[in-house]
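# Structural characterization, general
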Amino acid sequence: MRYNNNFVEDIKIAYIGGGSRGWAWGLMSDLVCAPDISGSVYLYDIDEAAAKSNEIIGNRFNDAEGAKSHWSYHCAASLEQALGNADFVIISILPGTFDEMASDVHTPEKYGIYQSVGDTTGPGGIVRAMRTVPMYEGFAESIKKHCPDAWVINYTNPMTLCVKTLYRVFPEIKAFGCCHEVFGTQTLLCEIAKQSLGLENLSRSDIKVNPVGVNHFTWLTSASVRGTDLFPVYRQFCLTHPDGFGGDGPVDTNWMNNSFASDEKVKMDLFRRFGYIAAAGDRHLAEFCEGSWYLKSPERVREMHFSLTSVDWRKEDLKKRLARSADLAKGKEPVKINLTGEEGVNQIRALLGLCELVTNVNIPNIGQIPNLPIGAVVETNAVFRAGSLTPVFAGNIPVSIYPLISRICAEQEAVFEGIISRDKDKIFAAFACDPLVSCGIEDARRLFDEMCQNTAAYLGMY
């Protein structure tokens, strides 16, 4: 890596999961639009053919209309080759296959338990964590050996336990987890501010917020725009929009096929209940609450104007992305720049000293949220500057929402302890206490055992 005035070149980025047909293409687009950085990206994936396709696709981005920098993409034959002397490491993987995820999401339905995502919390998130944490232990060991000074950016879920694993194995690691859910809430507040306050020329970055909580169950304790407190504005909007942001009815009568649809009705209902702004999408928020609130049945989900994302839908979507990957690699489809709105590239630029950035991240609690356990991975703002990431003091979680968040944080800590000790009974104890698991202790045990059996190929270490 070399600095040349206000330009940094020869940066090495290692991408674990570099065969991705989604996140990887977004990163390629964002990188080539950054005018002040350039370098190489080493793509490592257990599906080497997928990484080789992305090597071709990534290099094509250099000639895309609007490209402002040059990046050289390489398919890495091994994790060690990808990580060797890397300046940045990006991790974005699917732990297992969609067959395992189908069990995570849909096996609980036999017991009346519905999940809208199934990758972070609830029975699906817990069993997914059982597969993921051992993988991350290996990643952390390899990073410690091959690029101990690299900054590590995690996008994989369950975010909290992935980041916690990296720090447990390699306490000196410089890692953080990125999630765009808060951005969606800022965008919502931006639109409400335009409608309610008559403000023009607003963007998401104009909405200043103080997030607190754990990933996908993050809440805003303050929000403002150009010095105006948005809480009274949001309160009035929630009171006058009982059916959510969409207004007059379900977002889609064919809602089961509209896999990411939401009218923000869950978010607004939580505000009316507790007085603070839930800062994730409805599909995630619902899974952290008692199952009877929003996920009691598919009918209840439809009533709340969000959707259950089936794994069958994900499988069909993957087929489309595989076909598109082939077309992009063969040059049958032009490569087009499409900025993602993610903060990853700007975080890299800020850590290189090219800008300063304040954004939400997931890192261990060192006191930024005083009333959650020290060492638990929490989500708050942090300041990115040259060579440093400093968490912003967010303050205590307010009393009205503390029972909700502290319960989830305690569950995550318990699940983690069970996984690192490879003790399935400890994991089950946390599993049975999850807010979605309301089927009785005997059925909870049967469900847990069945889900573990369905993903047994990845659980041999237990």
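With 57 residues, the main nonpolar core has F217, W219, L270, Y294, F306 and F431 as its most contacted residues. Among the elements that take part in this core, helix α15 (residues 402–420) stands out by supplying eight residues, more than any other. Formed by 43 residues, the second largest nonpolar core is a distinct cluster that contains W25, C178, F384 and L389.

Moving on to the packing of aromatic side chains. Using the criterion set out here, one finds 17 aromatic pairs in the structure. Ring centres of F260 and W313 lie 5.2 Å apart, and the angle between their planes is 80 degrees; on these two criteria the pair is classed as edge-to-face. Of this pair, F260 sits in the loop between α8 (231–240) and α9 (265–274) while W313 is found in helix α13 (residues 311–330), placing the two residues 53 residues apart along the sequence. For W313, a relative accessible area of 27% translates into the label partly exposed. Pairwise contacts between aromatic rings join F217, W219, F274, F288, W293 and Y294 into one cluster. In this structure, R204 is placed above the aromatic ring of F183, and the distance from its NZ or CZ to the ring centre is 4.0 Å. Here the basic side chain of R445 rests over the ring of F428, its NZ or CZ set 4.5 Å away from the ring centre.

Most of α9 sits out of view: eight of its 10 residues are buried. Residues of α9 that are buried: K265, V266, K267, M268, D269, L270, F271 and F274.

Here we take up the packing of helix α4 (residues 98–106) against helix α5 (residues 122–146). At their nearest, the axes of α4 and α5 sit 8 Å apart, and the two run at 145 degrees to each other. Between α4 and α5 lies a crossing of right-handed hand. Mapping the contact onto sequence places E100, M101 and D104 in α4 and G124, V127, R128 and R131 in α5. Here the residues of the contact of α4 with α5 sort into two nonpolar, one polar and four charged.

Parameters and conventions
- Residues numbered from 1 in each chain as written.
- Predicted model: local features only at pLDDT ≥ 70, side-chain atom pairs only at ≥ 80, totals over all residues.
- Heavy atoms only, no water.
- Core = buried A, V, L, I, M, F, W, Y, C linked by side-chain atoms within 4.5 Å.
- Buried < 20%, exposed > 50% of the residue type's maximum accessible area, 1.4 Å probe, protein only.
- Helix = DSSP H or I, 4+ residues; strand = E, 2+ residues; numbered from the N terminus.
- Phe/Tyr/Trp six-rings, centres within 6.5 Å; stacked < 30°, edge-to-face > 60°.
- Lys NZ or Arg CZ within 6 Å of the ring centre and 35° of its normal.
- Axes fitted to C-alpha atoms, helices over the stretch in contact; angles between N-to-C directions.
- Left-handed = near helix turned anticlockwise from the far one by under 90°.
- Contact = heavy atoms within 4.5 Å.
- Nonpolar A, V, L, I, M, F, W, Y, C, P; charged D, E, K, R; others polar.

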